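# Understanding the architecture of this molecule
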Amino acid sequence: MLLILALIYQIRATLFLFTLAVLFAYLLSPAVDLFDRAFPNRTRTLALAMVYVLFVAVVVVAVTQIGTRVVDQARVLAGRFPEVIATWQPNPQQFPESLQERLVSAVRAGIMERTNQIVAALPNAGLKVISAVSNVLYIVIVPILSFFFLKDGQTIRKHILELLDGAPISNSLAGDLLSDINNLLARYIRALLLLSLSTFTCYVTFFMIIGMPYGLLLAVMAMLLEFIPMIGPLVAGTVVVIVAIVSPGIPAFWVLVYLLAFRMFQDYVLSPHVMGQGVELHPLLILFGVFAGAEVAGIPGSFLSVPVLALVRIFYLRIRRQRVKPE
């Protein structure tokens, strides 16, 4: 077991690549099934080809319409942020007087101490994400791997069950585990996409209403950080509040109130509804998984921490039910 764990750690980059391919396949599978039912007398390959062409078209439109504007806003923010911080004076109208004396002064002191780090982190975070998206390896390999997962998913499941035939684990238990894993991953990745799109839509709408500078950049950053549980939304909200505070004419207090109200709605209304059952994890366990995953594999580890913990929970519950069933 120790050798297997050591091997898994050594090939963690490859495993992450295949995991992305599996999640991408779950993301496209509803559309593939829809096209497959629309052409019942054709092979599944035709449905896959049509979905991939549609997906590429959507990506091209999104990159041309949004990506270039996000890069431009990131460059402008990187150039103006040091100057804004150096000349910034707290605005009494942004916060009530009691909050201004404590919150605004504390934030400004922290920013002034580490201006260089913040300046490097804000634009570079967005540029690193864009650079990762433009990585040829992930752009090319992940869709190719996903194609085979979508095309031969049922065959792979059949081979796994045949491989476990005669093993200590029963075929019924193995089949139940595979079904649970399939439902969990499908529900999780689709819910995560809906939550990120919800974040982007709500942020862009609110930023347009109040005239927030760099609104598109901040909305895209919040959408991407939504994929990192708990820590990602906290970081995104902190950055938004800092930009609102140093931007003249922006009601930073109401920005903070909106962010808190949105997180309440997202975390306690929308997220439980779209996630459904199977991903119920205690917040302490999620925090442990996020930090532990970051130590093991960085951002990919944080991203995969929740589904990994949910899978461990599924294995535990299924095996426990199998053992207590005779009793």
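For the structure given in this document, a descriptive report is provided here. Every chain is numbered on its own, with residues counted from 1 as its sequence reads. A pLDDT threshold of at least 70 governs which residues receive local features in this predicted model, and a stricter bar of 80 or more applies before side-chain atom pairs are shown or counted, although totals over entire chains, interfaces and linings include all residues. Remark: hydrogens and water are excluded; side-chain values derive from all non-hydrogen atoms of the structure.

### Focus: the side chain of Ser 29
Here Ser 29 is to be found in helix H2 (residues 12-38). Accessibility here uses a 1.4 Å probe with only protein chains present; expressed as a share of the type maximum, an area under 20% marks a residue as buried, one over 50% as exposed, and anything in between as partly exposed. Assessed through its relative accessible area of 12%, Ser 29 is described here as buried. Any pair of nitrogen or oxygen atoms within 3.5 Å is treated as a polar contact; in protein, a donor-acceptor pairing is required on top of that, and neighbouring residues in sequence qualify only through side-chain atoms on both sides. A distance of 2.6 Å separates the side chain of Ser 29 from the side chain of Arg 190, its partner in a polar contact. Residues are treated as being in contact if the distance between any of their heavy atoms lies within 4.5 Å. Apart from residues lying up to four places away in sequence, Ser 29 is in contact with Leu 150 and Arg 190. Secondary structure counts use DSSP, requiring at least four H or I residues in a row for a helix and at least two E residues in a row for a strand, with both numbered from the N terminus.

### A look at a nonpolar patch on the surface
Together, Met 1, Leu 2, Ile 4, Leu 5, Leu 7, Ile 8, Ile 11 and Leu 15 line one region of the surface with nonpolar side chains, adding up to about 820 Å² of accessible area. For the nonpolar patch, the leading source of residues is helix H1 (residues 2-10), giving five residues. A patch consists of residues exposed above 30% relative accessible area that lack any salt bridge, with like charges linked at up to 9 Å and nonpolar side chains (Val, Leu, Ile, Met, Phe, Trp, Tyr) linked at up to 5 Å. Areas reported here follow the Shrake-Rupley algorithm with a probe of radius 1.4 Å; residue values treat only the protein chains shown as occluding. Salt bridges are defined as contacts in which a side-chain nitrogen from Lys or Arg sits within 4 Å of a carboxyl oxygen from Asp or Glu.

### Quick word on the environment of Leu 225
Note that Leu 225 resides in helix H8 (residues 215-225). Along the backbone, Leu 225 and Ala 236 are eleven residues apart, and their C-alpha atoms lie at a distance of 6.7 Å. Each residue touching Leu 225, except ones within four places of it in the same chain, is listed here: Gly 232, Pro 233, Val 235 and Ala 236.

### Things to note about the packing of aromatic side chains
Any two of the Phe, Tyr and Trp rings considered here, Trp counted by its six-membered ring, make a pair once their centres fall within 6.5 Å; the pair's planes then place it as stacked at under 30 degrees, edge-to-face at over 60, or tilted in between. For the structure on display, the rule yields eleven aromatic pairs. For the pair Tyr 203 and Phe 262, a centre-to-centre distance of 5.4 Å together with 70 degrees between the ring planes defines the contact as edge-to-face. One end of the pair, Tyr 203, is in helix H7 (residues 171-210); the other, Phe 262, is in helix H10 (residues 252-275), with 59 residues separating them in the sequence. We classify Tyr 203 as buried; its relative accessible area is 2%. Judged by its relative accessible area of 5%, Phe 262 falls in the buried class. Among the aromatic residues, those joined into a ring-pair cluster are Phe 24, Tyr 52, Phe 55, Phe 147 and Phe 148.

### Topic: the pattern of salt bridges
In the structure shown here, the tally under the stated rule is three salt bridges. The salt bridge partner of Arg 263 is Glu 226, with a shortest N-O separation of 3.2 Å. Of this pair, Arg 263 sits in helix H10 while Glu 226 sits in the loop between H8 and helix H9 (231-246), and the two are 37 residues apart along the sequence. Under the relative-accessibility criterion, Arg 263 is labelled buried at 18%. You can call Glu 226 buried: its relative accessible area is 8%. Of the charged contacts, one joins Asp 267 and Arg 263 as a salt bridge, the two residues approaching to 2.8 Å between their closest N and O atoms. Of this pair, Asp 267 and Arg 263 are both found in helix H10, four residues apart, which corresponds to roughly one turn of the helix. One network of salt bridges, in which partners are shared, links Glu 226, Arg 263 and Asp 267.

### Quick word on the nonpolar core
By size, the foremost hydrophobic cluster in this structure holds 30 residues, and its most contacted members are Phe 200, Tyr 203, Phe 207, Met 212, Leu 218, Val 240 and Val 255. At the level of secondary structure, the elements contributing two or more residues to this core comprise helix H3 (44-87), H7, H8, H9 and H10. Sort the elements by how many residues they give to this core and H8 lands first, with eight residues. With near-sequence residues (within four places) excluded, Val 255 lies in contact with Phe 206, Ile 210, Val 240, Ala 244 and Ile 250. The nonpolar core is taken to be a set of buried Ala, Val, Leu, Ile, Met, Phe, Trp, Tyr and Cys residues, with the residues joined through side-chain atoms within 4.5 Å. Formed by 21 residues, the second largest nonpolar core is a distinct cluster that contains Phe 16, Ala 186, Leu 192 and Val 274.

### Details of the packing of H8 against H9
Close contact between H8 and H9 brings their axes to 8 Å; oriented N to C, the two are set at 165 degrees. Comparing their axes, H9 and H8 come out roughly antiparallel. The hand of the H8/H9 crossing is right-handed. Within the contact between the two elements, H8 uses Leu 218, Met 221, Ala 222 and Leu 225 and H9 uses Gly 232, Pro 233, Val 235, Ala 236, Val 239, Val 240 and Val 243. When grouped by side-chain class, the residues that make up the contact of H8 with H9 number ten nonpolar, one polar and no charged. In this analysis, axes come from line fits to C-alpha atoms, helices being fitted only over the stretch in contact, and the angle between any two N-to-C directions falls in the range 0 to 180 degrees. Any angle from 65 to 115 degrees is called roughly perpendicular, while one under 35 is roughly parallel, one over 145 is roughly antiparallel, and all others are oblique. In this scheme the handedness of a crossing depends on how the near helix is turned from the far one: anticlockwise by less than a right angle means left-handed, clockwise means right-handed. Residues were grouped as follows: Ala, Val, Leu, Ile, Met, Phe, Trp, Tyr, Cys and Pro as nonpolar; Asp, Glu, Lys and Arg as charged; and all remaining residues, including Gly, as polar.

### Brief notes about unusual backbone geometry
A positive phi is found at Tyr 214, a non-glycine position, where the angle reads about 60 degrees. By the element assignment, Tyr 214 lies in the loop between H7 and H8. Residue class for Tyr 214 comes out buried when judged on its relative accessible area of 14%.

### Digging into the layout of surface pockets
Here a cavity denotes grid points, spaced 1 Å and computed from the protein atoms alone, that fit a 1.4 Å probe unable to get out, and a pocket denotes an open set having protein on both sides within 12 Å along at least 5 of 7 lines; residues with an atom within 4 Å of a point are the lining. Grid points are joined across faces, edges and corners, and a volume is the space filled by probe spheres set on the points. Reported here for the second largest pocket is a volume of approximately 2,000 Å³. Lining the second largest pocket are 48 residues; nearest its centre among them are Thr 19, Val 22, Ile 181, Leu 185 and Leu 311. Of all elements in the fold, only H1, H2, helix H6 (136-163), H7 and helix H11 (283-324) reach the threshold of two or more residues within the lining of the second largest pocket. Considering every element that reaches the lining of the second largest pocket, the biggest residue donor is H11, with 15 residues. Its residues placed into classes, the lining of the second largest pocket shows 30 nonpolar, eleven polar and seven charged.

### Considering H2
Multiplying 1.5 Å by the residue count of a helix minus one yields the expected span of that helix. In this model, H2 (27 residues) spans 39 Å end to end at C-alpha, consistent with the 39 Å of a helix rising 1.5 Å per residue. In the structure, H2 departs most strongly from a straight axis at Leu 28, where the bend amounts to approximately 45 degrees and where the proline Pro 30 lies between one and four residues downstream. Among the residues of H2, those classed as buried are Phe 16, Leu 17, Ala 21, Leu 23, Phe 24, Ala 25, Tyr 26, Leu 28, Ser 29 and Val 32. The angle separating two fitted axes, one through the seven residues that finish at a residue and one through the seven that start at it, defines the bend at that residue.

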